[in-house]
Amino acid sequence: MTTTLAGGRAARRQTMRRIRPRRSPATVLLLAVWAGAVGVLYLWWHNTPSVADDNSKILNAGRITGLLAGYLMALVVLQMARVPALERRVGSDRVARWHAMSGRYTLCLTLAHVVLIMWGYALQAGKGFGDIVQQTIDSINQLPDMGKAAIGTGLLFLIGLMSIGGVRRRIPYDTWYHVHLMTYAAVFLTFWHQLTTGNDFAVEPVAKTVWYALYGSVTALVIWYRIFTPIRLNLRHRMYVEAVIEETPGVVSVLIGGRKLHRMGAEAGQFFRWRFLAPGMRFSSHPYSLSAAPRPGMLRITVKAIGDHSERLRELVPGTKVWAEGPYGALTAQRRSRGKVLLVAGGVGITPMRALFETLPGAAGDITLLYRANSTQDLALWDELAAIADERGARLMYAVNSPDGERPDISADTLRRKLPDIDKHDAFLCGPPGFAQGVYDALRGAGVPARRIHHESFEM
Amino acid sequence: MRKSHPVRRVVLATAATVSGVVLILSLKPSTDPASAQAGGTVPQQTAAGQESAQGGAEATGGTVTGDAIQTQYGAVQVRLTAANGKITKAEAVQAPKGGQSDQITANAVPKLNQATITAQSAEIDAVSGATYTSDGYKKSLQSAIDKANAAATAPASPAPSQSSEQGADQGSGSAEAAAKTVTGDVAQTQYGPVQVRITVSGGKITKAEAVQQPTGGQSDQISGNAVPKLNQEAVAAGSADIDAVSGATYTSTGYKESLQSALDQAGG
């Protein structure tokens, strides 16, 4: 008895040696963003000797909002440059939420900038707020680069309009995505008027250089990580569809072959954006998680047919070429800070959990997987999970609706009853938004601190 | 997965942005002519502020610096040097810089300086192609003149007046023989006011120029083309009986009207 205990401790120590929680760089990045904003405001402060009357107050408010909008615009683009530090360390889901939030804010600043500046110019010309439209037309005609800026701003507002929740749900994803790509053109068009008509850049050569550096480095990152990196990845690994397997009704696994796939740097819990070069599918790419740890000759994704694209996956012919971008996502073993781990999966959210269940280091009894589905028939990959659980001595639980359709009770109390030491666990969570929120609240109620609940949610 | 509160977030972001902008604007000094310029960050301005104070003390001579006027392209600020109630020197201590503005400023500012000395008032022509700079220059110039007038209670200081006569030998008595400058009434046209100034010597028009003409947008081009022609014609004809320039009918009509009023004044 004593020997087993000692052995257990040794094993635990062994496990812990491999656990080095990596902190998300989010805080540092946010501080840098704020510091940059302060720098931009200093630029205005430095170049503005005084603000006299109402007219110059309006104009200067317009300049401040314009400078901030120009600064944030670069960051909004940067957030979607697929920089590994953002995608894999901060997490693609969180960065996408930052992008949406800062994008909305930047558009509001842009609107304020346009209105304030044109109002200010109208006052300067001895006209009133009512002449703002005429003033805008005059300025576009007379000032350098304003025509371009007007087109760019119009595009930005169109893109913003199409991204509003209600509008976006009504248009196909591909349409939305391709319109969204025009942001690059819009930002390019609006860039030039900042330098030619912006007081601060006309006066300060240093400021001009900094602005070129900001936009130049963002452009370089976009080109590198969105174009060159995927090209290199796909030339190196040459992926194709090896087989399509139906797991349960409506859930299919796609096996993907290729060269040296274990060298892609993908970890359990991560996803790729997949583009299948089959008719009707080549123009859209979709994010699907790996449902097994990568092996040298094979990757596997498991997908539930809920949309057009996922429906078509079952018709994929073996041999179809695959273009993938990734790996992305921060829901990996790196997040773990404790020896014991509870994995919670809802429905097809099992895919990253399945990969983690297989690969997370741990002694017998350290890893627990709770799998929620509508019925036992919907428990995709169940046989594999049972095999892994047997092999590793891990615990596997499931919760399904009762025959009369009643939902299982996943609350703080039931979690504590099943796992008395739940507050010593790290929790990984993946599932539909409502489910994830419910489990999150239950975990918090059971005493798991927020910093040890790791989840990925692509809800905006 | 903390709960998100979209409405609260929007309200907070708006409130923070608006109050931030208002705060930073209110922290900037407002242009209280002398003190604000002395406190400004541009070294040129500090110097100007000091000189301005000296100018005020001397009352009749010295330099006066006008308000800094913000234009679309940057600030314009004029400094005047006056002696015996006359503007002897005008210069811009601030003017739009950077990119295209360098070129425009280099072209326009010397012309405006010259025009100021000639006109002895803020009634100067806008330089075509530099409408905003000219506008800012005139406003700053006017504020400098106002300050000079306020500082020097002496009536000899230059007073802007649209139809005042400002000849070289003004008040000397030999009106017929000497050259005399007369400014006509302002004639309003559809595109803006037109005002003509003529120099009469020995009963003849020796020089005609427009002190005001339509500016802005296309008008810059039309005025730039038509006005020199009209000036030429006025000198050649010696009367207001001149041909309209084609393509600039309204400006020509206004010009003739103002020219006639100037001739009436010179004759009467």
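Keep in mind it's a predicted model, so treat the numbers as computed, not measured. (Residues numbered from 1 in each chain as written. Chains lettered and ligands numbered in written order. Predicted model: local features only at pLDDT ≥ 70, side-chain atom pairs only at ≥ 80, totals over all residues. Heavy atoms only, no water.)

Draft legend 1. Seen up close, the overall build of chain B. Across its full length, chain B carries seven helices and eight strands. Sorting the 268 residues of chain B into buried and exposed places 43% on the buried side. Summarising the internal contacts of chain B: among those between residues at least 6 apart in sequence, 46% fall at separations of at least 24. With the model as given, the accessible surface of chain B reaches about 13,300 Å², and the carbon-plus-sulfur share is 54%. (Helix = DSSP H or I, 4+ residues; strand = E, 2+ residues; numbered from the N terminus. Buried < 20%, exposed > 50% of the residue type's maximum accessible area, 1.4 Å probe, protein only. Contact = heavy atoms within 4.5 Å. Areas by Shrake-Rupley, 256 points an atom, 1.4 Å probe, with all protein chains shown as cover.)

Draft legend 2. Inspection of the sheet that holds strand S8 (residues 367-373) of chain A at higher detail. All names here are of chain A. Spatially, the five strands line up as an open sheet ordered S9-S8-S7-S10-S11, and their pairing is parallel. If you trace the sheet from one side to the other, it starts and ends with strand S9 (395-400) and strand S11 (453-455), each paired once. Across this sheet, the average inter-strand angle for adjacent strands is 15 degrees, counted without regard to direction. Relative to S11, strand S10 (residues 425-430) is paired through three bridges, and the arrangement is parallel. Across the sheet, residue Ala 427 finds its bridge partner in S11, namely Ile 453. Packing of helix H13 (residues 350-359) onto the sheet brings it into contact with strand S7 (340-346), S8, S9 and S10, and relative to S7 it is tilted by some 155 degrees. Set on the sheet, helix H14 (residues 382-392) makes contact with S8 and S9; between it and S9 the angle comes to about 150 degrees. (Pairing = 2+ DSSP bridges. Axes fitted to C-alpha atoms, helices over the stretch in contact; angles between N-to-C directions.)

Draft legend 3. Structural view of the confidence of the model for chain A. Per-residue pLDDT for chain A averages 88, and the proportion of residues at 70 or more is 94%. pLDDT under 50 marks residues 1-7 of chain A. Its contacts with residues more than four places away, or in other chains, come to zero contacts. (pLDDT = per-residue confidence, 0-100.)

Draft legend 4. The interface of chain A and chain B, seen in detail. Every contact between the two is made by 33 residues of chain A and, on the other side, 28 residues of chain B. Counting each side, the surface lost to burial between chain A and chain B is near 3,000 Å², with a carbon and sulfur contribution of 57%. Between chain A and chain B we count zero salt bridges in total. At the boundary of chain A with chain B, the tally comes to four residue pairs in polar contact (both at pLDDT 80 or more). Every element with two or more residues in the side of chain A that touches chain B is listed here: helix H2 (26-47), helix H3 (54-79), helix H4 (84-124), helix H5 (132-142), helix H10 (199-203) and helix H16 (433-445) of chain A. Each residue belonging to the side of chain A that touches chain B can be placed in one class, and the counts come to 17 nonpolar, 13 polar and three charged. (Buried area = accessible area lost by both parts, 1.4 Å probe. Salt bridge = Lys/Arg side-chain N within 4 Å of Asp/Glu carboxyl O. Polar contact = N/O pair within 3.5 Å; in protein donor to acceptor, adjacent residues only side chain to side chain. Nonpolar A, V, L, I, M, F, W, Y, C, P; charged D, E, K, R; others polar.)

Draft legend 5. Fine view of the packing of H4(A) against helix H6 (residues 146-163) of chain A. All names here are of chain A. Contact geometry of H4 with H6 gives a least axis separation of 11 Å together with a crossing angle of 140 degrees. The pairing of H4 with H6 is recorded here as oblique in orientation. For the crossing formed where H4 meets H6, the hand is left-handed. In this structure, H4 uses Leu 107, Thr 110, Leu 111, Val 114 and Met 118 to contact H6, whose residues at the interface are Met 146, Thr 153, Leu 156, Phe 157 and Gly 160. Split into classes, the residues belonging to the contact of H4 with H6 amount to seven nonpolar, three polar and no charged. (Parallel < 35°, antiparallel > 145°, perpendicular 65-115°, else oblique. Left-handed = near helix turned anticlockwise from the far one by under 90°.)

Draft legend 6. A look at the packing of aromatic side chains. All names here are of chain A. If you walk through the whole model with that rule in mind, you get 15 aromatic pairs over all chains. With a centroid separation of 4.8 Å and an interplanar angle of 80 degrees, the aromatic rings of Trp 119 and Phe 129 are classed as edge-to-face. On the criterion of sequence distance, the pair formed by Trp 119 in helix H4 and Phe 129 in the loop between H4 and H5 is long-range, its members being 10 residues apart. On the basis of relative accessibility, which here comes to 28%, the residue Trp 119 falls in the partly exposed class. By relative accessible area, Phe 129 is classed as partly exposed at 44%. (Phe/Tyr/Trp six-rings, centres within 6.5 Å; stacked < 30°, edge-to-face > 60°.)

Draft legend 7. View of the nonpolar core. Among the nonpolar cores identified, the biggest contains 45 residues, and A:Trp44, A:Ile64, A:Tyr71, A:Phe201, A:Trp211, A:Tyr215 and B:Leu25 are the most heavily contacted of them. Taken together, the elements giving at least two residues each to this core come down to H2, H3, H4, H6, helix H9 (183-197) and helix H11 (205-237) of chain A together with helix H1 (6-27) of chain B. At 12 residues, H3(A) tops the list of elements feeding residues into this core. Those residues in contact with A:Ile64 that sit more than four places away from it in its chain are A:Leu41, A:Trp44, B:Val21, B:Ile24 and B:Leu25. Counting residues in hydrophobic clusters, the runner-up holds 26 residues, among them A:Val251, A:Val341, A:Leu343 and A:Ala355. (Core = buried A, V, L, I, M, F, W, Y, C linked by side-chain atoms within 4.5 Å.)

Draft legend 8. Fine view of the sheet that holds strand S1 (residues 239-248) of chain A. All names here are of chain A. Overall, antiparallel pairing links the six strands, which are arranged S4-S3-S6-S1-S2-S5 in an open sheet. Across the chains shown, the open sheet's two edge strands, defined by having one partner strand only, are strand S4 (286-289) and strand S5 (298-304). Pairwise comparison of adjacent strand axes, ignoring direction, gives a mean angle of 40 degrees for this sheet. Of the pairings in the sheet, the one linking strand S3 (residues 271-276) to strand S6 (residues 321-328) comprises five bridges and is antiparallel in character. Counted as the bridge partner of Arg 275 is Trp 323 from S6. On the sheet, H4 packs against S3 and S6 and is oriented at approximately 95 degrees with respect to S6.

Draft legend 9. Inspection of the pairing of strand S7 (residues 192-201) of chain B at higher detail. Residues and elements named next belong to chain B. Counting buried residues in S7 gives eight out of 10 residues, a clear majority hidden from the surface. As paired strands, strand S5 (residues 180-183) and S7 are joined by four bridges and run antiparallel to one another. Its bridge partner lying in S7, Lys 180 is registered against Val 200. Sheet topology note: the strand S6 (residues 187-189)/S7 ladder contains three bridges and is antiparallel. When the sheet's bridge partners are listed, Ala 187 is paired in S7 with Val 194. In the sheet, S7 pairs with strand S8 (residues 204-212) via seven bridges, with the strands oriented antiparallel. Its bridge partner lying in S8, Ile 198 is registered against Ala 208. Adjacent in sequence and paired antiparallel, S7 and S8 are bridged by two residues, among which Gly 202 carries a positive phi angle near 60 degrees.

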